[in-house]
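Listed below, chain by chain, are the residues.
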Amino acid sequence: MRRLHALILSLLLLSLSACALFPNRDPVNINVVGLEPLPSQDLEVRFAIKLRVQNPNETAIDYNGIALDLDVNGHSLASGVSDQSGSIPRFSETIVSVPVSISAFSVLRQTLGLSQTQTLDNLPYVLRGKLAGGLFGTMRFVDSGTLSLPRASAATW
């Protein structure tokens, strides 16, 4: 019985000390720096969202996939994935491009939501995503803020 308790205690101490092996990383900084139209299908619109990813850590970040979800005004608008892989060196930045799809139903839902607001200024958005990096290397990120859409100017003839 003592051997069993000693074995359990040893395994518990070993598992607790293994947590110290995982690096303590700061979150990555993400900024949307561009949109490019892509060929679309029937009821969808596709864009390539270009992201500037900054690594504020002392070690490089290796990734082998990217996923994004964009919510605007509290409703899902676009989502996308990419299987691209790469590495972001320590204290460095890179531009990654992720294709996203916007379905006709998402556009309809956004249009109905916008019809209930009085202005197109300060629309809240949330961009969620992850840089996949294996079992313990996945880095999740969230960027949020507000969008101000340009108003249609009244043309005078």
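Residues numbered from 1 in each chain as written. Predicted model: local features only at pLDDT ≥ 70, side-chain atom pairs only at ≥ 80, totals over all residues. Heavy atoms only, no water.

(A) Local environment of the overall build of the protein chain. The helix and strand inventory of the protein chain stands at two helices and nine strands. Starting at the N terminus and walking to the C terminus, you meet the elements of the protein chain as α-β-β-β-β-β-β-β-α-β-β. Evaluated residue by residue, the protein chain yields a buried proportion of 24% over its 157 residues. Considering only contacts in the protein chain between residues 6 or more positions apart, those separated by 24 or more positions represent 61%. (Helix = DSSP H or I, 4+ residues; strand = E, 2+ residues; numbered from the N terminus. Buried < 20%, exposed > 50% of the residue type's maximum accessible area, 1.4 Å probe, protein only. Contact = heavy atoms within 4.5 Å.)

(B) Highlighting the pairing of strand β8 (residues 123–131). Covered by surrounding structure in β8 are L123, Y125, L127, G129 and L131 only, the residues P124, V126, R128 and K130 on the alternate face being uncovered. Of the strand pairs in this sheet, strand β4 (residues 66–72) and β8 are connected by seven bridges, and their pairing is antiparallel. Residue pairing across strands places D71 opposite V126, the latter belonging to β8. Strand direction decides the pairing type here: β8 and strand β9 (residues 139–147), joined by nine bridges, are antiparallel. Bridging across to β9, Y125 finds its partner in G145. (Pairing = 2+ DSSP bridges.)

(C) Geometry of the environment of N57. One can find N57 in the loop between β2 (44–55) and β3 (61–63). On a C-alpha basis, the gap between N57 and D26 in space is 6.1 Å, while along the polypeptide they are 31 residues apart. Residues contacting N57, with those up to four places away along its chain left out, are R25, D26, R90 and F91. Engagement of the side chain of N57 in a polar contact is seen with the side chain of N55, the distance being 2.9 Å. (Polar contact = N/O pair within 3.5 Å; in protein donor to acceptor, adjacent residues only side chain to side chain.)

(D) The pairing of β2, seen in detail. In terms of strand pairing, strand β1 (residues 29–38) meets β2 through nine bridges, oriented antiparallel. Across the sheet, residue N29 finds its bridge partner in β2, namely Q54. Counting the residues between successive antiparallel strands, the hairpin from β1 to β2 contains five residues.

(E) Summary view of the side chain of S101. Within the secondary structure, S101 sits in strand β7 (residues 92–103). A polar contact is formed between the side chain of S101 and the side chain of R46, at a distance of 2.6 Å. If we ignore the near neighbours within four places in the chain, the residues touching S101 are E44, V45, R46, L77, A78 and S79.

(F) Region of interest: a nonpolar patch on the surface. On the surface, a cluster of nonpolar side chains totalling about 550 Å² of accessible area is made up of M1, L4, L7, I8 and L11. With respect to the helices and strands, I8 occurs in helix α1 (residues 2–18). (Patch = residues over 30% accessible without salt bridge, like charges linked within 9 Å, V, L, I, M, F, W, Y side chains within 5 Å. Areas by Shrake-Rupley, 256 points an atom, 1.4 Å probe, with all protein chains shown as cover. Salt bridge = Lys/Arg side-chain N within 4 Å of Asp/Glu carboxyl O.)

(G) Region of the structure containing the pattern of salt bridges. Within this structure, the stated rule accounts for three salt bridges. Here K50 ties to E36 by a salt bridge, and the two come within 2.9 Å at their closest N and O atoms. Taken together, the residues span a long stretch of sequence, with K50 in strand β2 and E36 in strand β1 at a distance of 14 residues. Residue classification places E36 among the partly exposed positions, given a relative accessible area of 36%. With a shortest N-O distance of 2.9 Å, E93 and R52 are connected by a salt bridge. A residue pair is termed long-range when its members are at least 10 positions apart, and E93 in strand β7 and R52 in strand β2 qualify at 41 residues. For E93, a relative accessible area of 40% puts it in the partly exposed group.

(H) Spotlight on the environment of T146. In this structure, T146 sits in strand β9. Apart from the residues within four sequence positions on either side, T146 is in contact with N122, L123, P124 and Y125.

So yeah, pure geometry; function would need other evidence.
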